[in-house]
Amino acid sequence: MPNLILVRNEYQDYRALRRVLTYVLRSNLYGGYGIDPSRAYEQMVFVKEAYHKKSGVQLKHFFLTFSDQEMIYLSFQDILNIGFEIGKYFAEYQMVYGIHLDSNHTHLHVVMNSVSFQDGHKYSDGLSKFNGLCRYLRERFPRFEVHLFQSGHYSADDPYTSEKKGIYQMLE
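Quick summary incoming for the structure in this document.

Rules and cut-offs
- Residues numbered from 1 in each chain as written.
- Predicted model: local features only at pLDDT ≥ 70, side-chain atom pairs only at ≥ 80, totals over all residues.
- Heavy atoms only, no water.
- Axes fitted to C-alpha atoms, helices over the stretch in contact; angles between N-to-C directions.
- Helix = DSSP H or I, 4+ residues; strand = E, 2+ residues; numbered from the N terminus.
- Left-handed = near helix turned anticlockwise from the far one by under 90°.
- Contact = heavy atoms within 4.5 Å.
- Nonpolar A, V, L, I, M, F, W, Y, C, P; charged D, E, K, R; others polar.
- Salt bridge = Lys/Arg side-chain N within 4 Å of Asp/Glu carboxyl O.
- Buried < 20%, exposed > 50% of the residue type's maximum accessible area, 1.4 Å probe, protein only.

Further remarks concern the packing of helix α1 (residues 14-24) against helix α2 (residues 40-50). The geometry of α1 relative to α2 is characterised by a closest axis approach of 10 Å and an angle of 150° between their N-to-C directions. Seen from above, α1 lies across α2 with right-handed handedness. Residues Y14, L17, R18 and L21 of α1 touch α2, and the partners they reach there are A40, Y41, M44, V45, K48 and E49. Of the residues in the contact of α1 with α2, the class split is 7 nonpolar, no polar and 3 charged.

Below, the structure written as structure tokens:
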């Protein structure tokens, strides 16, 4: 059963945006939706500046973890396809995602621009949209019973160390 974990952090500046993008895209197993992942920082900043939305929360960061049992029948391409499906769900926001293999479970990190490239509004749907994402993933991938969690506070300066703390609160 994959777990969708929302990272609880405000990510208030471009420095945080760059650090989290660098962290998520550090492997060669990544993709994007509405964006070229190799130019993600520049393209996300462009959208923010085009719509004059340079302040406040810069991104949404979350990840999907997979058990060893699930990895028996999932390829890395399958996981990247799940990332693309997440992008389709949040279709008006630029998104990059990367597979990480550096912990007990394979996981897919996702970074979503907080500003819509379609009309410039800032993301404000909160948990309701993520509950909907869990339902959407369950429909698209019936063998998954996705559960929603929220992390403890992450550090934008060191997302790797923060992830290792593994303190999560179940939300759904």
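This part covers the pattern of salt bridges. What the rule picks out here adds up to 4 salt bridges. Here E85 ties to K88 by a salt bridge, and the two come within 3.2 Å at their closest N and O atoms. A residue pair is termed a helical-turn pair when its members lie 3 or 4 positions apart in one helix, as E85 and K88 do in helix α4 (residues 76-89) at 3 residues. Given a relative accessible area of 8%, E85 falls into the buried group. Here E145 ties to R138 by a salt bridge, and the two come within 3.4 Å at their closest N and O atoms. Overall, the relative accessible area of 40% leaves E145 in the partly exposed class. One connected set of salt bridges, linked through shared partners, spans E85, K88 and R140.

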